[in-house]
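Observations on chain architecture
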Amino acid sequence: MAELTSPSLRSKPPQPAALGHKPPQPAALGHSLKRVTLTKPTFCHNCSDFIWGLVGFLCEVCNFMCHEKCLKTMRLVCTSMTPTLVKVPVSHCLGPAHKKRFCSVCRKLTEGQTALRCEVCELHVHADCAVFSCADCRMSHLDGTIEQDTSGHHWREGNLPSSSRCEVCRRSCGSSDVMAGVRCEWCGITSHAACYTSVPAECIMGRLRFMTLHPTSVRLQSRNFSKMHIYRITENCAQELDNSDDVDPSSAAKDSPPSTESGKQSLKVYDGDDSVKRGAFRLVSILKATRNEEVVEAALRSFYLHDDPLDFDLMEVGLHSDDIVNRNGFPDNNRTGGGGSCSLKDGGDSWVIRAKERDRQVIKVYTAWQRSGEAFVSVSVSANSTAASVLSEVLTLLHRQEEDVSGFSLMEVYMSSKQVQKQTLTPQEKVMDKLQEIRKVSLRQMNQTRFYIAESVSRGVSVGLLIGGMTPLLNQEEYLSLIQDQLAVKSHLVTVSHTYTSQGAVALQISCFSEAERIFMLAKDVTLDNKTLTSLVIPEIMPSDGCPLLVFVNTKSGGLKGRELLYGFRKILNPHQVFDLSNGGPLAGLHTFRSVPRFRVLVCGGDGTVGWVLGVLEAVRHKLVCKEPPIAIVPLGTGNDLSRVLRWGTGYSGEDPHQTLLSVDEADEVQMDRWTILLDAQDISGDGTENGFLEPPKIVQMNNYFGLGIDAELSLDFHQAREDDPDKFTSRFHNKGVYVKVGLQRISYSRSLHKELQLQVDAQNVPLPNIEGLIFLNIPSWGSGADLWGSEVDARHGKPRIEDGLLEVVGVTGVVHMGQVQSGLRSGIRIAQGNYIRLTVSKPIPVQVDGEPWIQPPGHIIISAAGPKVRMLRKSKQKQKKSKEGRSDSPSSRDADHRLT
């Protein structure tokens with residue numbers, strides 16, 4: 001792409017003012033810049049504009065490109081410096097990426113290559129670059145070990161939409177051609193890389209702040225639980241992530257291809273003993289006669305290490321991992337370094353980078369508590385320095401020398417992108433030996449390791465687990481016995497805080513990390529009644545202002561759209577308020593929000609999913625502080641009739657999740673009836689009990705409609721087809737096509753339903769006309785939006801409403817009649833309206849409740865109101881005017897009395 005025309009403009013070593021809490025200065029950005037001659041117009045990473053001239057500046061490590069005029073306003077650090085800017089280490093949740101983005105490590109497009117993305121933040125990386133990213137994900141909860149001021153922005157570079165505008169200069173700062181601009185991952189504001197330091201330091205969490213769980217309101221003691229476990233994320237790429245600590249040789253060769261030019265050779269370079277054992281190397285192309293310092297510098301660049309080459313040696317790796325010879329020809333124990341020339345004729349092509357032994361070294365020790373000024377202090381350590389002596393010196397530098405050093409501990413933290421690992425050093429442990437040990441294992445690991453001083457406070461351990469999937473309707477003693485038998489819990493460490501008998505679940509509070517981890521993993525391998533137990537880590541939500549949104553996503557609805565919605569909501573909101581219904585169902589979210597005084601619910605799924613959430617809410621509402629949270633919908637199903645009535649649309653078609661959340665925030669609250677259906681199968685034939693219809697009563701809840709006859713018959717045929725081949729039912733278009741097919745197969749079907757039913761409405765017998773299907777409507781939408789009741793004015797019946805306490809009883813004469821209703825040519829046959837329905841069924845009959853069908857034996861069916869009306873959210877017809885910083889009078893922020901419970 002470019003031709004080198006001048007020596008490297010390597011930046012000076014990083015200065016303390018650039019690490020952590022102050023805007024980095026150009027001299028501390030860590031770039032290895034070279035002047036390059038451009039062969040085509042290129043965008044500047046700093047200002048997002050074209051580099052119109054022929055000359056630009058390129059970082060040889062991270063591919064950062066800028067104008068010459070931007071050298072003085074550079075604010076983006078080199079990838080090699082990223083670990084130094086981390087405020088509090090938070091690991092990423094890496095999963096497979098489905099769209100091309102720019103890699104946060106090498107700044108190249110991920111198109112056509114294996115790529116990963118964080119399920120929580122905007123990090124995108126190539127699979128082979130993931131190991132070089134560090135734990136700089138956004139902090140979503142307080143863990144109690146390392147504290148920080150959470151009021152600042154969490155900036156992420158690049159991958160902004162082309163329509164993005166800079167918060168400072170209001171010019172375009174996004175680009176699809178280059179990794180340009182920065183974005184705060186909490187408030188969502190965007191800016192040029194050269195402008196973002198002018199943005200006010202405090203982050204107000206943006207337009208959606210009142211519906212977002214603030215990190216300070218979420219407490220979770222996690223220790224060795226991975227972020228995948230904490231956020232209930234299915235590890236789809238577990239095998240790929242298990243190997244993410246390896247540097248793929250083929251991908252390394254892609255970055256530095258073996259040179260065929262005369263006088264050049266490619267070296268296999270390892271960054272420590274660990275990579276030698278795994279065979280994980282990087283290829284470095286150099287001249288055969290090159291100064292040792294230049295070779296070492298190139299090797300360090302290949303591992304994104306920002307260090308002085310004079311502090312390292314390059315040593316040859318022989319046939320065995322212990323057979324390592326200095327590149328200058330000296331044995332391993334006689335490292336002299338030097339800058340002389342060396343020919344590769346005398347050595348092999350595999351080398352390992354070694355740090356030279358030093359008598360003294362300066363380390364940075366960060367404070368685990370919040371403090372003003374710099375986040376760390378610098379301490380010089382020697383071979384005799386112990387953790388206790390380092391702590392004593394740190395306390396002196398912090399002006400706390402009068403305090404007892406035994407009340408503090410020195411903690412080593414490895415900031416791997418996959419998991420943050422913490423280890424407390426013993427007071428007698430030699431710090432210099434620890435540093436040398438880490439460097440020998442991996443220089444990259446040393447680059448991602450830092451030390452913290454923490455107060456040795458005895459904190460009580462309390463880990464919350466929700467165990468589900470057990471037999472419902474047992475008492476607490478029976479659940480305790482079941483857990484003891486299956487999980488062998490230690491009763492002195494485990495207590496049952498909540499029991500959900502209707503759901504077959506219990507919530508445990510565990511006072512030991514190892515016991516919590518054991519129960520969590522063991523429960524996933526236990527099967528009861530052919531059903532595997534579920535085990536979820538549950539955070540503690542502290543009461544706070546605002547009205548947070550609890551989001552449920554059915555990832556099995558809407559094909560891949562459900563999974564992308566789940567990902568989109570996790571990025572915008574706090575991931576602790578977003579739940580995948582395929583992992584623990586609605587109970588996990590409702591239990592997590594049990595102490596929240598006021599919240600809303602967003603259900604992403606079909607009508608059946610909405611009914612599922614409403615059913616669980618009805619069963620556990622007595623254990624919630626907010627007993628009647630209003631509910632909004634993102635339609636992912638096939639019919640989506642309730643969504644249509646509440647104006648949320650006919651189906652989700654890829655709308656921006658942020659706009660969806662804005663619509664939820666501006667939605668109006670309405671009441672909706674909900675009905676209980678008692679299905680009592682009895683032997684009403686007069687022949688005794690040999691017919692086998694003496695079944696226990698079945699109670700179900702109904703929100704939309706209840707059908708008997710031909711309508712339920714088609715629904716049952718569709719349900720069976722989906723059960724036989726579920727992979728084909730991933731789109732609404734295909735699902736409706738199957739409905740048409742099963743309808744055509746039943747077009748000549750006849751069963752004289754009016755002869756098999758007796759109907760009472762409000763204690764009055766109602767004769768039935770000659771029909772093949774009977775449908776009870778709670779909402780004015782049926783069968784994917786059809787108006788079955790009709791809009792004609794009728795003196796005998798009132799206009800149907802979802803909160804009027806009445807059901808509309810309608811009949812259809814067959815499949816043809818249903819097709820005419822669907823096409824708008826006809827309406828159904830109006831039969832009655834009432835609030836108490838009694839049916840007597842003389843033969844087995846297909847029935848369906850909100851799209852869930854089955855064959856119901858003969859007996860009595862009673863439909864009555866199901867307690868209080870439910871609170872739903874209806875999308876506003878006109879969006880209310882929004883201010884630049886967000887509306888302070890949005891529904892989620894208003895303290896209206898009718899919202900308080």
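Check the entry above for the structure.
Residues numbered from 1 in each chain as written. Predicted model: local features only at pLDDT ≥ 70, side-chain atom pairs only at ≥ 80, totals over all residues. Heavy atoms only, no water.

1. As for the overall build of the chain
Within the chain one finds 18 helices and 51 strands. Burial status across the chain gives 55% buried among its 901 residues. For the chain, long-range pairs separated by at least 24 residues make up 71% of all intrachain contacts whose partners lie at least 6 apart in sequence. Total accessible area computed for the chain in this model is approximately 38500 Å², and 50% of it derives from carbon and sulfur atoms. (Helix = DSSP H or I, 4+ residues; strand = E, 2+ residues; numbered from the N terminus. Buried < 20%, exposed > 50% of the residue type's maximum accessible area, 1.4 Å probe, protein only. Contact = heavy atoms within 4.5 Å. Areas by Shrake-Rupley, 256 points an atom, 1.4 Å probe, with all protein chains shown as cover.)

2. So, the sheet that holds strand 23 (residues 376-382)
The mixed open sheet is built from five strands, whose spatial order is 23-22-26-24-25. Of all the strands in the sheet, the pair left with one neighbour each is strand 23 and strand 25 (420-424). Geometrically, the sheet is characterised by an average inter-axis angle of 35° between neighbouring strands, direction not taken into account. Where strand 22 (residues 360-367) meets strand 23, seven bridges bridge the pair, whose relative direction is antiparallel. In the strand pairing of strand 23, Val365 is matched with Val377. Running at roughly 140° to strand 23, helix 6 (residues 387-397) makes contact with strand 22, strand 23, strand 24 (408-415) and strand 26 (449-455) of the sheet. Lying over the sheet, helix 7 (residues 431-441) contacts strand 22, strand 23, strand 24, strand 25 and strand 26, oriented at roughly 95° with respect to strand 22. (Pairing = 2+ DSSP bridges. Axes fitted to C-alpha atoms, helices over the stretch in contact; angles between N-to-C directions.)

3. Section: the nonpolar core
One finds Leu314, Ile353, Leu508 and Ile519 to be the most contacted residues of the largest nonpolar core, which totals 105 residues. Among residues more than four places away in sequence, those in contact with Leu508 are Val463, Gly464, Leu465, Ile467, Ile483, Val494, Thr495, Val496, Ser497 and Ile519. The next biggest cluster of nonpolar side chains, apart from the first, holds 63 residues, and it includes Leu550, Val603, Val613 and Leu873. (Core = buried A, V, L, I, M, F, W, Y, C linked by side-chain atoms within 4.5 Å.)

4. What about helix 7?
Residues that lie three or four places apart on an α-helix share one face, since the helix turns once every 3.6 residues. Among the residues making up helix 7, those that are buried are Val431, Met432, Lys434, Leu435, Ile438 and Arg439. Projection of helix 7 onto a plane perpendicular to its axis shows the buried side chains occupying an angular sector of 160°, all on one side. (Arc of directions from axis to C-beta.)

5. Side note on the sheet that holds strand 45 (residues 807-812)
Ordered by their spatial adjacency, six strands build an open sheet running 46-45-44-41-48-49, and the pairing between neighbours is antiparallel. Every interior strand has two partners, whereas the edge strands, strand 46 (829-834) and strand 49 (852-856), have only one. Averaged over neighbouring strand pairs, the angle between their axes works out to 20° when direction is ignored.

6. Thoughts on the environment of Val812
Tracing the backbone shows Val812 in strand 45. When the C-alpha atoms of Val812 and Gly773 are compared, they prove to be 5.1 Å apart, with 39 residues separating the residues in sequence. Here Val812 is in contact with Ile710, Ile771, Glu772, Gly773, Ile775, Leu788, His817 and Met818, once residues within four sequence places are set aside.

7. What about the pattern of salt bridges?
In the structure shown here, the tally under the stated rule is 31 salt bridges. Here the residues in one salt-bridge network are Lys34, Glu60, Glu297 and Arg301, joined through shared partners. (Salt bridge = Lys/Arg side-chain N within 4 Å of Asp/Glu carboxyl O.)

8. Some remarks on the environment of Lys755
Tracing the sequence through the fold places Lys755 in the loop between helix 17 (732-745) and strand 42 (757-761). Along the chain, Lys755 and Glu772 lie 17 residues apart, while their C-alpha atoms are 9.9 Å from each other.

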